[in-house]
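In case you want the letters, here they are:
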Amino acid sequence: MATRIDRRMAKLRNEGRPALVTYFMGGDPDYETSLSIMKALPTAGADIIELGMPFSDPMADGPAIQAAGLRALKGGQTLVKTLKMAAEFRAGDNETPIVLMGYYNPIYIYGVDRFLRDALASGIDGLIVVDLPPEMDEELCIPALKAGINFIRLATPTTDDKRLPKVLQNTSGFVYYVSMTGITGSALADTGKVAAAVKRIKGHTDLPVCVGFGVKTAEQARVIGANADGVVVGTAIVNAVANVLGPKGEKTADPAEAVATLVSGLAQGVRSARLAAAE
Amino acid sequence: MNKPATPNSFRTGPDEQGMFGIFGGRFVAETLMPLILDLERHWNEVKNDPEFRAELTGLSTHYAGRPSKLYFAEGLTRHLREVSSAKGLGGGAKVYFKREDLNHTGSHKINNCLGQILLAKRMGKKRIIAETGAGQHGVASATVAARFGFPCVVYMGATDVARQSPNVFRMKLLGAEVRPVTAGHGTLKDAMNEALRDWVTNVEDTYYLIGTAAGPHPYPELVRDFQSVIGSEARAQILEQEGRLPDTIIAAVGGGSNAIGLFHPFLDDKEVRIIGIEAGGRGLDGIEHCASMNAGAPGVLHGNRTYLLQNADGQIMDGHSISAGLDYPGVGPEHSWLRDSGRVEYVPVLDDEALEAFKLTTRVEGIIPALESAHAIAHAVKIVPDMDKDQIVIVNLSGRGDKDVHTVASMLGMEI
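Residues numbered from 1 in each chain as written. Chains lettered and ligands numbered in written order. Predicted model: local features only at pLDDT ≥ 70, side-chain atom pairs only at ≥ 80, totals over all residues. Heavy atoms only, no water.

Draft legend 1. Quick look at the overall build of chain B. Along its length, chain B carries 16 helices and 14 strands. What you see for chain B is a C-alpha radius of gyration of 20 Å, in line with the 22 Å of a compact globule of 416 residues. Principal axes of the C-alpha set define a box for chain B whose edges measure 65 × 50 × 50 Å. Residue burial in chain B is summarised as follows: out of 416 residues, 65% are buried. (Helix = DSSP H or I, 4+ residues; strand = E, 2+ residues; numbered from the N terminus. Rg over C-alpha atoms; globule rule 2.2 N^0.38 Å. Buried < 20%, exposed > 50% of the residue type's maximum accessible area, 1.4 Å probe, protein only.)

Written out as structure tokens, the structure is:
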């Protein structure tokens, strides 16, 4: 069964351009503002939305996303509210795919079956759970696939050819290639190496490959997008929110507008990229 | 939760997936998976390799000072017999201390560090990172890094840097770089997050020397095996000195490495009662404690499923303990399994009770115990007067308390 992610990726493939995948932190700095950011994303040119689920101990994230998560938790965000946010967005947009991204513990505590049921009802299309490698597929990946929700796996520079098949085995929707070893928000890796890595992964799968970690500008989006099916931007968006918050967390400008301005530029970047030779 | 069926042996875990029942596992980012699998491969190679064992035994003997003594704590025993008599019971078991405080670097942490540094050397790693709470593991890591010529970075919560300044200075003297971590409450949990972020960034050359029997498989297993020397020695020593096994053994549990080290060789001795002591902090009613197995629920953090202090949304709570080494909202996965299987009892001891035991031991034994170990002694103080004179209790004196004198002085309102 084709999901919203499959349909969106097929459409972009026909248009001959990579997807712009935008990550933002659910509930940062508060529920209403965050929902307004989410609603602004598709108009600004986002093709797929990654909705961050805040966690107290984000072990794979850099300072920017750590801080965003803490702001969200301080603002009262919970997994219940993140699902509600997705549902509210979905009521006005039935096309843009939503991928929930975060860590396993809040889902485990919520209860896997209940979570999948509520995620489907909220219009969630995919999951990225950072601390669930293929060795732990029985936990959530397999149940999610049975429920009809894509489970998007991260492949990294440490995932060699021997391991790739295991990583790709139960992956669906797209493959998220992490461009370098490290935490989110680090400097962008050598683009030539990234292109080679995308090609290597494509040798193992027909799934679209999106590249993230380190992409911050329209120019970087264009360069990375030339050799990938999608470009993921996260830290830059989270920073756009942080930049319009004062020392006490008060808003000094409209975060949704700040995000929209950034995303519009990024969207132009991916629209000027040519789809990879992997076609 | 249903109580699992009693296994034939409590000493066979973990399984091939690194699970102790539902606990343990490998809940890490994909970037780290190949590293963890590589570590597991090397670990499986060395764990029964006589050459590796011989090298470790040599270092344990001549560098760390093993075997550590099993000491009959006559002063404490006499004191607790007086307490028993005053209660009209006329009992009071014999108390033995397993003297891990006498090891080089002053705690049991050196056992694990020597094992892992040899593993790091075998794997051709070039750089050591570690997390530390009380600083005992940081000091032990910095020590073995100095001994074997590795650069070493120790992540330590900013709160702990402040309350364990003697250990911070020791680490720096030993050539380690101490990086204070300000996230969260600035304690062990936050230090571990930061160490994992370092590891995920420096995958090629870095060995992560985890200090407790927690984290992703195979760490809980290998740390336990390196620490099991405590229990193996204690078991042989008590048989030699008393001609029989103890009635009760007690150890403090933060992450739980000294405890699993003492407990593991005794797990199948059904007549031995085994008690793990959690940090009860200011009491279990509020959130100012670190009793994850008494007041937490199973969850996933730092690469394993285990009992955690967390809220209804699955966010991890910052605990509290007077003892930095017990100030961690989780516990090693094998302890969680031993709790659910009923083999080991886990009970809390409050800050104040630990402080009293700290003072008592200093006075009647002339031994200043670490505040972590004082938690275990405090429980012995509670139960020993109600036991018979011919019974035997072994308490793991996991570390010495020199590092804690500033904390204790401020608790007692004294200036030093």
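Draft legend 2. Expanded view of the pairing of strand β7 (residues 175–178) of chain A. Residue and element names in this part refer to chain A. Here β7 shows no split at all, with Val175 and Tyr177 on one side and Tyr176 and Val178 on the other all buried. Pairing of strand β6 (residues 154–155) with β7, which is carried by two bridges, proceeds in the parallel orientation. Pairing of Ala155 across the sheet is with Tyr177, part of β7. Sheet topology note: the β7/strand β8 (residues 209–212) ladder contains four bridges and is parallel. Opposite Tyr177, over in β8, you have Val211 as the bridge partner. This β-α-β element, β7 to helix α9 (residues 191–202) to β8, shows right-handed connectivity. (Pairing = 2+ DSSP bridges. Right-handed = clockwise from strand over helix to strand, strands pointing away.)

Draft legend 3. Quick peek at the packing of aromatic side chains. This model, assessed by the stated rule, comprises 14 aromatic pairs over all chains. An angle of 45° between the planes, with centres 6.4 Å apart, marks the rings of B:Tyr71 and B:Phe97 as tilted. Residue B:Tyr71 is located in strand β3 (residues 70–72), and its partner B:Phe97 is located in strand β4 (residues 94–99); the two are separated by 26 residues in the primary sequence. Relative to B:Tyr208, the ring of B:Trp199 has its centre 5.7 Å away and its plane inclined at 65°; by these criteria the two rings are edge-to-face. Exposure remark for B:Trp199: the relative accessible area of 4% places this residue in the buried category. Its guanidinium or amino end placed over the ring of A:Tyr110, A:Arg114 lies 3.7 Å from that ring's centre, counting from NZ or CZ. (Phe/Tyr/Trp six-rings, centres within 6.5 Å; stacked < 30°, edge-to-face > 60°. Lys NZ or Arg CZ within 6 Å of the ring centre and 35° of its normal.)

Draft legend 4. Representation of the interface of chain A and chain B. The interface is formed by 34 residues belonging to chain A together with 35 residues belonging to chain B. Summing both partners gives a buried area of about 2,800 Å² for chain A against chain B, and 54% of it is carried by carbon and sulfur. Scanning the region where chain A abuts chain B turns up three salt bridges. The partner of A:Arg163 in a salt bridge is B:Glu30, and the shortest N-O contact between them spans 2.7 Å. On the surface where chain A and chain B come into contact, there are 17 residue pairs in polar contact (both at pLDDT 80 or more). When residues of the side of chain A that touches chain B are traced back to their parent elements, those giving at least two are α3 (63–74) and α5 (104–110) of chain A. If one sorts the elements of the side of chain A that touches chain B by residue count, α5(A) sits on top with five residues. Looking at the side of chain A that touches chain B, its residues break down into 18 nonpolar, ten polar and six charged. (Contact = heavy atoms within 4.5 Å. Buried area = accessible area lost by both parts, 1.4 Å probe. Salt bridge = Lys/Arg side-chain N within 4 Å of Asp/Glu carboxyl O. Polar contact = N/O pair within 3.5 Å; in protein donor to acceptor, adjacent residues only side chain to side chain. Nonpolar A, V, L, I, M, F, W, Y, C, P; charged D, E, K, R; others polar.)

Draft legend 5. Fine view of the packing of helix α2 (residues 31–44) of chain A against helix α4 (residues 79–92) of chain A. Residue and element names in this part refer to chain A. For the pair α2 and α4, interaxial distance at closest approach is 10 Å and the crossing angle is 40°. Taken together, the axes of α2 and α4 are oblique relative to one another. The element α2 and its partner α4 pack so that their crossing is right-handed. Along its contact with α2, which presents Tyr31, Ser34, Leu35, Met38, Lys39 and Pro42, the element α4 presents Lys81, Lys84, Met85, Ala86, Glu88 and Phe89. The class makeup of the residues in the contact of α2 with α4 is seven nonpolar, one polar and four charged. (Axes fitted to C-alpha atoms, helices over the stretch in contact; angles between N-to-C directions. Parallel < 35°, antiparallel > 145°, perpendicular 65-115°, else oblique. Left-handed = near helix turned anticlockwise from the far one by under 90°.)

Draft legend 6. A look at the packing of α3(A) against helix α11 (residues 235–243) of chain A. All names here are of chain A. Where α3 meets α11, the closest approach of the two axes is 9 Å, and the angle between their N-to-C directions is 55°. Classified by the angle their axes make, α3 and α11 are oblique. Crossing geometry of α3 relative to α11 is assigned as left-handed. Contacts between α3 and α11 involve Ala64, Ile65, Ala68 and Arg71 from the first element and Thr235, Val238, Asn239 and Ala242 from the second. Of the residues contributing to the contact of α3 with α11, the split by class is five nonpolar, two polar and one charged.

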